[in-house]
Amino acid sequence: MQRLSALLVIFSIFPSLLYAQGEIWVSPDGSDAHLGTKEKPLASLQLALRKVRELRRLNDPSIAKGAYIYLKNGSYALSEPVFIRPEDSGTSASPTIIEAAPNEKPILSGGVFIKNWQKLKGTVPGLPKEAIRKVWVADAPNVGGRSLEFRQLWVNGEKAIRAKDTSYPLMNRILSWNKQEQTCWIPTPKFGDLSKAAGLEMLIHQWWAIANLRIKRIDVQGDSAKLWFHQPESRIQSEHPWPAPWISKETGNSAFYLTNAIQFLNQPGEWFLDTKAAKIYYIPRPNESLTTVQVIAPALETLVRIAGTIDHPVSNVLFRGISFQHTGWLRPSQQGHVPHQAGLFMLDAYKLKIPGTPDKKSLENQAWVGRPAAAVEVNFANCTGFENCRFEHMAATGLDYHKGVQDNMIRGNLFKDIGGTGIMAGVFADEATEIHLPYNPTDERDVCSNLTISNNLITNVTNEDWGCVGIGAGYVRGITIAHNDINEVGYSGISLGWGWTRTINAMRNNRIEANRIHHFAKHMYDAAAIYTLSAQPGSVITENVIDSVYKAPYAHLPAHWFYLYTDEGSSYFTIKDNWTPSEKYLQNANGPNNIWERNGPLVGDSIKTKAGLQPAYHYLLHEKASADSKWRINKENPVIVELTAPEGQRINPEQLTKVMVRNKVRPEALYQWQNHYVIFDKVQDVFVLSERLKSAFPTANVKTYYDLFYEFNRNRCSTRPVAGEWKHTILTANLVADTKLQNEYLDYHATQFEKWPEVSDGFCNAQFQQLLLYRNGRQLMLVISVPKGESLDKLNPKTTENNPRVDEWNAQMKKYQEGIPGTKPGEVWVEFKPGQ
């Protein structure tokens, strides 16, 4: 009571001095003993909020038109999250606005500086020889009486690399996974003895998600090593069916890398934290001096928490021009991290022995998930917002509008260098609720509704958990996602929905409009620029512009990427007027009443011009992360699936036609040679096609040719336009068994346009429209397309007219090729004929 009385005395004595025009000022150089004026600012946002809270409690007239908290330039190091409660609420006439002082750039930071770096003298156990005399060392900071543990480090604003066993972008591949033992075999690491490497982890790439697994034990046996993992992630990783470690001869097993051992510290930009010795080791990049750089490690997971209750929400609080930086997330170090989808990590998951639930008779798995930490978390709040803010250098989610949030706004912000999802919204599933149960609460105030996400630049997010997304929305209602620019994303750009159900639920009237989404699916496939789940009546996806899907080097299925993807249960959507380079879309197990209209490359230029950030927000574009020069851009190509019947047998043509029709494959896409049948076409989902072929013809061998390693097209020709219609000739042969010769053959084709340009000149002269070379193991598939009405026999001689280098090339290639089984002696390339 004495403190409150003292505050009341101060307020009554100095109202005009303290709160002229409802302003409170804060500065890193201020003091919480000050009055909070521009000349005598406070030091903390927390105390400024308390002062506003007291003014509202007392109905002070100075804030009748709003309470303004101005943050001056500088970094505000937080020791705990800023907590905004219902008592901090404003009103529509008198909002609480927390904003940057004019022309200044305040930062709310959860980081701590790491100083006093010294060049490492001598060595430490396990340090690679090549790192000696390159490493610098500093003491780990002490926070709250304990040595700080962290998984991220920023040097001069750039995220450093936690030491790992492969250099970017390379990964290794697992050898096998034993679900019963909960173990994994990998090639023996070439880094000496790792048996005592405390904190050793594996990151494994599996389908549409990664997993971070803490290694309990490593047992080296010759050229292979067996891994055991800590609980609880060991059990979850081996029991859950989706996504699982990928084992495939066609596309390669799941990729992985090992991390967090001093044995891996050998590249500039890498660091290692020795938690026992409380030491940090770092190898500087060429342009860095450890005597002058700014090195920051995160100490907080959340910077701001806005939390009301269902009956007393926070309202009318707005952040403007504030930068939120430097957050960590330690759950992967403490319990591992095994996501189900979009970064939601599994708490429990397993395959059902007897499939089926009341909502879904065919369901074969169960899962319960948790939600990653966010730098800014909002629950039970309305009429709040973030405008012209920056969310940078974060380990998990940037901004999360979770539960009980209505009529909120996220506009004109930058989301950059974020380990997880940029913006998350709505309930996905509470920890006590199985993820496939439709969410439709009795009290509709629980639902995230009428949230506007517009004109934000979301770039270089998901850079740690590659299976996260640019914007992830669960059970939301009336959400508008419009005019955002989303790029440099590991998985999907926008994910809307949850539940995998056709049952009517809380979702409806959602709108995704005029976004520009590009350079996505960098690591994970089963991805799309816009991905949806479940029934969402009245929802619209329109006038978005989508381009530049990365060619993910370790994708489980190299063709399983899409521009638009309506997944299980998606119902009652209108998808129209979206510009995409081709119509590579997937509608998987959809529900009723979806309308698709006018999508694809013929959509008008006006839509392309208007998509993305509106003119008032173009200033954000200079913050866009550069495209990754190590990654190529994908495009939709025809696929080749080969069906080989047992020797002496033929495939039932009627049954084959039924499978093709079911997968929307044209009848003329079928070719045959003896007991080999080839489908060559653009296919919506080649994996589903191949699985249906395997089911329909269990005795046949089904192969998909994912590896398109050579492509010629008319863009390389200086004359003659592209023909309107084409005729395809498909041929097959084997590479010889010698691995060295196989690699030579691939190298020749990789450099042909540069070193043998006369070959493509010959193709141009012969009017070849395209020439494609696919590979599956040793077997090659060659597709030569010529104008319809022409024949390959007639045109092929033109490739060598006045062009002896083509003859040289053909002679050189002969030593690398041989016929497939069933060819005649001396026969190499054999042709598939159209039809059955």
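Residues numbered from 1 in each chain as written. Predicted model: local features only at pLDDT ≥ 70, side-chain atom pairs only at ≥ 80, totals over all residues. Heavy atoms only, no water.

K.L.:
Would you mind going over the pairing of strand β18 (residues 201–206) with me for this structure?
P.N.:
Moving residue by residue along a regular strand, the side chains alternate between the two faces of the sheet. Burial within β18 is extensive, with six of its six residues counted as buried. Neither face of β18 is open: one carries Glu201, Leu203 and His205, the other Met202, Ile204 and Gln206, and all of them are buried. As defined by bridge partners, β18 adjoins strand β19 (residues 209–221) across six bridges and the pair is classed as antiparallel. By the bridge assignment for β19, Met202 is matched with Leu213. Between β18 and β19, which pair antiparallel in sequence order, lie two residues; one of them, Trp207, sits at a positive phi of approximately 60 degrees. (Buried < 20%, exposed > 50% of the residue type's maximum accessible area, 1.4 Å probe, protein only. Helix = DSSP H or I, 4+ residues; strand = E, 2+ residues; numbered from the N terminus. Pairing = 2+ DSSP bridges.)

K.L.:
Which parts of the structure should I look at to understand the pairing of strand β63 (residues 779–787)?
P.N.:
A large share of β63 lies buried, amounting to nine of its nine residues. Bridge count for strand β61 (residues 726–735) against β63 is nine bridges, and the pairing is antiparallel. Paired with Leu731 across the strands is Leu782, a residue of β63. Summarising the sheet, strand β62 (residues 770–776) and β63 pair through seven bridges and their orientation is antiparallel. Bridge pairing in β63 places Arg775 opposite Leu780. Between β62 and β63, which pair antiparallel one after the other, the connecting turn spans two residues, and Gly777 there sits at a positive phi close to 65 degrees.

K.L.:
Please clarify how unusual backbone geometry should be interpreted in this entry.
P.N.:
For residues other than glycine, phi is negative in most cases, and the peptide bonds are mostly trans. Of note, the bond from Gln231 into Pro232 is cis; its omega dihedral lies within 30 degrees of zero at 10 degrees. Structurally, Pro232 can be placed in the loop between β20 (224–229) and α4 (233–239). Not every positive phi belongs to a glycine, and Asp417 is a case in point at roughly 55 degrees. Within the fold, Asp417 resides in strand β38 (residues 414–418). Although it is not a glycine, Asn802 sits at a positive phi angle of roughly 50 degrees. Along the chain, the position of Asn802 falls in the loop between α12 (792–795) and α13 (804–813).

K.L.:
Help me understand the side chain of His519 in this model?
P.N.:
With respect to the secondary-structure elements, His519 resides in strand β48 (residues 516–520). Exposure remark for His519: the relative accessible area of 16% places this residue in the buried category. Side-chain polar atoms of His519 contact the side chain of His518, separated by 2.9 Å. Leaving out residues up to four positions away in the same chain, His519 has contacts with Asn487, Glu488, Val489, Asp547, Ser548, Tyr550, Ala627 and Ile633. (Polar contact = N/O pair within 3.5 Å; in protein donor to acceptor, adjacent residues only side chain to side chain. Contact = heavy atoms within 4.5 Å.)

K.L.:
Please explain the packing of helix α9 (residues 739–750) against α13 as it appears in this structure.
P.N.:
How two helices pack is summed up by the angle between their axes together with the distance between the axes. One way to put it is that α9 packs onto α13 with a least axis distance of 11 Å and a crossing angle of 155 degrees. The orientation of α9 relative to α13 falls into the category roughly antiparallel. The handedness of the crossing between α9 and α13 comes out as left-handed. On α13, the residues touching Tyr745, Tyr748 and His749 of α9 are Trp809, Gln812 and Met813. Tallied by class, the residues present in the contact of α9 with α13 amount to four nonpolar, two polar and no charged. (Axes fitted to C-alpha atoms, helices over the stretch in contact; angles between N-to-C directions. Parallel < 35°, antiparallel > 145°, perpendicular 65-115°, else oblique. Left-handed = near helix turned anticlockwise from the far one by under 90°. Nonpolar A, V, L, I, M, F, W, Y, C, P; charged D, E, K, R; others polar.)

K.L.:
Help me out: how do you make sense of the nonpolar core in this one?
P.N.:
Grouped burial of nonpolar side chains is what soluble globular proteins tend to show. If you look at the biggest cluster of nonpolar residues, it comprises 114 residues, and the most contacted ones within it are Ile84, Val304, Phe319, Phe324, Phe386, Phe391 and Leu693. The dominant element in this core, judged by the number of residues it contributes, is helix α3 (residues 45–57), at six residues. Setting aside residues up to four positions removed in sequence, Phe324 forms contacts with Leu108, Leu303, Val304, Phe319, Val376, Phe386, Cys389, Arg390, Phe391, Glu392 and Met394. Residues Val124, Ile204, Phe272 and Leu586 belong to the second largest nonpolar core, which totals 58 residues. (Core = buried A, V, L, I, M, F, W, Y, C linked by side-chain atoms within 4.5 Å.)

K.L.:
Would you take a moment to explain α13 for this structure?
P.N.:
All of the buried residues along α13 are Val806, Trp809 and Met813. Seen end-on, α13 carries its buried residues on one side only, within an arc spanning 55 degrees. (Arc of directions from axis to C-beta.)

K.L.:
Before we go on, may I ask you to explain the pattern of salt bridges in this structure?
P.N.:
Side chains bearing opposite charge may pair, as long as their charged atoms lie close to each other. Scanning all chains against the criterion turns up 42 salt bridges. A salt bridge links Asp88 to Arg53; the nearest nitrogen and oxygen atoms lie 2.7 Å apart. Of this pair, Asp88 sits in the loop between β4 (82–84) and β5 (96–100) while Arg53 sits in helix α3, placing them 35 residues apart in sequence. One salt bridge connects Asp628 with Lys522, and the closest N-O pair in it is separated by 2.8 Å. Pair noted here: Asp628 is in the loop between α6 (605–610) and β56 (639–644) and Lys522 is in the loop between β48 and β49 (527–532), with a separation of 106 residues, a long-range link. Across the pair, exposure class does not vary: Asp628 and Lys522 are buried alike. Where salt bridges share partners, they join Arg390, Glu392, Lys416 and Glu623 into one cluster. (Salt bridge = Lys/Arg side-chain N within 4 Å of Asp/Glu carboxyl O.)

K.L.:
Looking at this structure, I do not really get the state of the cysteines. What am I missing?
P.N.:
By definition, a disulfide links the sulfur atoms of two cysteines through a covalent bond. Across all of its chains, the model carries one disulfide by this definition. Between the sulfur atoms of Cys717 and its disulfide partner Cys764 the distance amounts to 2.0 Å. For the disulfide bridge between Cys717 and Cys764, the dihedral angle about the S-S bond is near -90 degrees, and by the sign convention the bridge is left-handed. Of the two residues, Cys717 sits in the loop between β60 (707–713) and β61 while Cys764 sits in helix α11 (residues 757–765), which places them 47 residues apart along the sequence. Of the two residues, Cys717 and Cys764, both sit in the buried class. Left without a disulfide partner, Cys389 is nearest to the cysteine sulfur of Cys383, which lies 17 Å away. (Disulfide = S-S within 2.5 Å.)

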